[in-house]
Amino acid sequence: MAAVSSSSLLRRLRPGLPAAVVVSTAVLGAALTAVPPAGAGAAYPAVAPAPGGAAAPVADPTGTVSPPTSTPSTPSTTPFPPSPPTNLTATQVRTTSVTLTWTAATRGCCPVVGYDITYYQAFDDVIYSLSLGDVTTTTITNYIQPGRQYSFRVSARDGDGRRSAATDALTVVTPVTDTGPDTTPPSAPQNLTVGEVTGSTATLSWAPSTDNVGVLGYNVYRFDGWFTSTLVATVPGTTYTGPLPPSTPLRTLYYVRARDAAGNVSIASNTVTVPTTTTPPPPPPSTCRVTYRNQSEWAGGFVATVTVQNTGTAAVDGWIVTFGFPGDQQITNAWNATVGQAGATVTARNVDWNRVIAPDGSATFGFQGRWGASDAPPTGFSLNGAPCTVG
């Protein structure tokens, strides 16, 4: 496999936003070069024949004009670029690398000498690019991170710099671990739509995802249309009702990812836009209370319980409790809930028999874990995306 010969990164243009500026590539050690549009080819001027389409007569020193010795040929004015590569596939997707293969392009006017790859992380404005020799597979590691979504395109290049049209985008999501029992992300939620909109709220709904082990819940994100995504809720089902977002100079889009117990996230759903409000509504009063207790603790280990109380007037049918460890705790097993952990973030979902929490009712789950530097208790909890009172 040929080594990468050049690398660069660009800023993507977003619809309705100012033109983006090319960023420095000092960290890559190469000058930035803009990626040609898909299908663009270099234009070359034609060589003009003598007036009248015939070769110009030649005069000798005696003044005698000699007739042309041969009929001139018509110069080529059609420098065809290569065809696009085909069958772009990710043959291996790991936490920090993606291996791509494709079927070689067909030459145009000139032999194919290499391939250019462009890729970007979803909901970001930076495009990464690299140039390869005449190969049909490569493993990309630069800027690939766990639990992220990336899209790739490949185009062919001939010796004179003519480039083919790019392949269709290939989208993948990297796992959060390469060695755990579950490295397969859920499928992407489908058909995200905006339902009922009131003066202060909007309801989103989508078709459910599937997973080889089981979908734990769904993360709902708000995206500014440029490069900032904010997690606004984690819900157990396929609907979310939330406050209308405030008006901003940028766009306000929403998308959803499915999540499993291992922390793997799916490729994102489609995006939707909801109406904005100039005055953010006050947060609703808390309808839950969470009590966290360390039942026992020893050097390197602990056992804790979490009790969730419904302080609202309506029953909670299906619940997800989310919190973050302030220390370096790692959960090793749990009971009375399906518990997943990604970094410091812990997500616990009901089991069948404690799915419903009646008004003034509660549900308790527990877990055992390990720690090294700190076993400090969490200080913030949310129930189905809404913050809870602690104590």
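The preceding data block contains the structure.
Since we're looking at a predicted model, the values are computed, not measured.

So, on to the overall build of the protein. A tally of regular secondary structure across the protein gives zero helices and 29 strands. Partitioning the contacts of the protein with sequence separation of at least 6, the portion at a separation of at least 24 is 66%.

Moving on: the pairing of strand E5 (residues 97-103). Taken across its seven residues, E5 has five buried, putting it largely inside the fold. When strand E4 (residues 86-94) meets E5, the two strands line up antiparallel, connected through six bridges. Paired with Gln92 across the two strands is Thr99, which belongs to E5. From the end of E4 to the start of E5, which pair antiparallel, there are two residues. The pairing of E5 with strand E8 (residues 137-140) spans four bridges and is antiparallel. Along E8, the bridge assignment pairs Leu100 with Thr138.

Attention now goes to empty space enclosed by the protein. Per the counting criterion, the structure on display carries one cavity of 30 Å³ or more. Empty space within the largest cavity amounts to approximately 50 Å³. Around the largest cavity, the lining residues are Ala202, Leu204, Tyr240, Gly242, Pro243, Leu244, Pro245, Tyr254 and Val274. Of all the secondary structure elements, the ones that give two or more residues to the lining of the largest cavity are strand E12 (201-207) and strand E15 (239-243). Residue contributions to the lining of the largest cavity peak at three residues, all from E15. Residue composition of the lining of the largest cavity, grouped by class: eight nonpolar, one polar and no charged.

Let us look at the sheet that holds E8. The sheet built from three strands is open, its strands ordered E4-E5-E8 with antiparallel pairing. Looking along the sheet, the strands with just one partner apiece sit at the ends: E4 and E8. Geometrically, the sheet is characterised by an average inter-axis angle of 20° between neighbouring strands, direction not taken into account.

Another aspect to go through is the sheet that holds strand E27 (residues 381-383). Overall, antiparallel pairing links the five strands, which are arranged E23-E24-E21-E27-E28 in an open sheet. The open sheet has two free edges, formed respectively by strand E23 (338-342) and strand E28 (386-387), since each of these has just one partner strand. Here E27 runs beside E28; their pairing, made up of two bridges, is antiparallel. Within E28, the position partnered with Ser382 by the bridge is Pro387.

By size, the foremost hydrophobic cluster in this structure holds 24 residues, and its most contacted members are Trp319, Phe365 and Phe367. Elements with a contribution of two residues or more to this core: strand E18 (288-298), strand E19 (301-310), strand E21 (320-324), strand E24 (345-349), strand E26 (362-370) and E27. Of all the elements, E19 adds the most residues to this core, at four residues. The contact partners of Phe367, leaving out residues within four places of it in the chain, are Tyr292, Phe302, Val303, Ala304, Val306, Phe323, Phe325, Ile331, Asn333, Ala334 and Trp335. One finds Val98, Leu100, Val126 and Tyr150 within the second-largest nonpolar core, a separate group that totals 22 residues.

This part covers the pattern of salt bridges. In this structure the tally under the stated criterion is six salt bridges. As a salt-bridge pair, Asp178 and Arg94 come within 3.7 Å of each other at their nearest N and O atoms. With a gap of 84 residues between them, Asp178 in the loop between strand E10 (170-173) and strand E11 (190-197) and Arg94 in strand E4 connect regions that are remote in the sequence. We classify Asp178 as partly exposed; its relative accessible area is 29%. The exposure class assigned to Arg94 is partly exposed, which follows from its relative accessible area of 33%. Notably, a salt bridge pairs Asp317 with Arg355, separated by 2.8 Å at the nearest N-O pair.

All right, on to the layout of surface pockets then. Which parts of space are left empty comes out when a probe the size of a water molecule is rolled across the atoms. As a volume, the largest pocket reaches approximately 1,100 Å³. Lining the largest pocket are 40 residues, and of these Thr241, Pro284, Asn384, Gly385 and Ala386 lie nearest its centre. Within the residue set of the lining of the largest pocket, elements represented by two or more residues are strand E14 (229-235), E15, strand E20 (316-317) and E28. Considering each element in turn, the lining of the largest pocket owes the most residues, five residues, to E15. Residue composition of the lining of the largest pocket, by class: 23 nonpolar, 14 polar and three charged.

Here we take up the side chain of Asp224. Checked against the element boundaries, Asp224 lands in the loop between strand E13 (215-223) and E14. From its side chain, Asp224 meets the backbone nitrogen of Phe227 in a polar contact 3.1 Å long.

With that settled, consider the environment of Asp211. Mapping Asp211 onto the fold places it in the loop between E12 and E13. Once the C-alpha coordinates of Asp211 and Ala188 are considered, the two residues, 23 residues apart in sequence, prove to be 9.7 Å apart. With near-sequence residues (within four places) excluded, Asp211 lies in contact with Asp182, Thr184, Pro185, Pro186 and Asp260. Among the polar contacts made by the side chain of Asp211, one reaches the main-chain amide nitrogen of Val213 at a distance of 3.0 Å. Within the structure, the side chain of Asp211 is placed 2.9 Å from the backbone nitrogen of Gly214, a separation counted as a polar contact.

What counts as what
- Residues numbered from 1 in each chain as written.
- Predicted model: local features only at pLDDT ≥ 70, side-chain atom pairs only at ≥ 80, totals over all residues.
- Heavy atoms only, no water.
- Helix = DSSP H or I, 4+ residues; strand = E, 2+ residues; numbered from the N terminus.
- Contact = heavy atoms within 4.5 Å.
- Buried < 20%, exposed > 50% of the residue type's maximum accessible area, 1.4 Å probe, protein only.
- Pairing = 2+ DSSP bridges.
- 1 Å grid on protein atoms, 1.4 Å probe; cavity = no way out; pocket = protein on both sides within 12 Å on 5 of 7 lines; lining within 4 Å.
- Points joined across faces, edges and corners; volume = space filled by probe spheres on them.
- Nonpolar A, V, L, I, M, F, W, Y, C, P; charged D, E, K, R; others polar.
- Axes fitted to C-alpha atoms, helices over the stretch in contact; angles between N-to-C directions.
- Core = buried A, V, L, I, M, F, W, Y, C linked by side-chain atoms within 4.5 Å.
- Salt bridge = Lys/Arg side-chain N within 4 Å of Asp/Glu carboxyl O.
- Polar contact = N/O pair within 3.5 Å; in protein donor to acceptor, adjacent residues only side chain to side chain.

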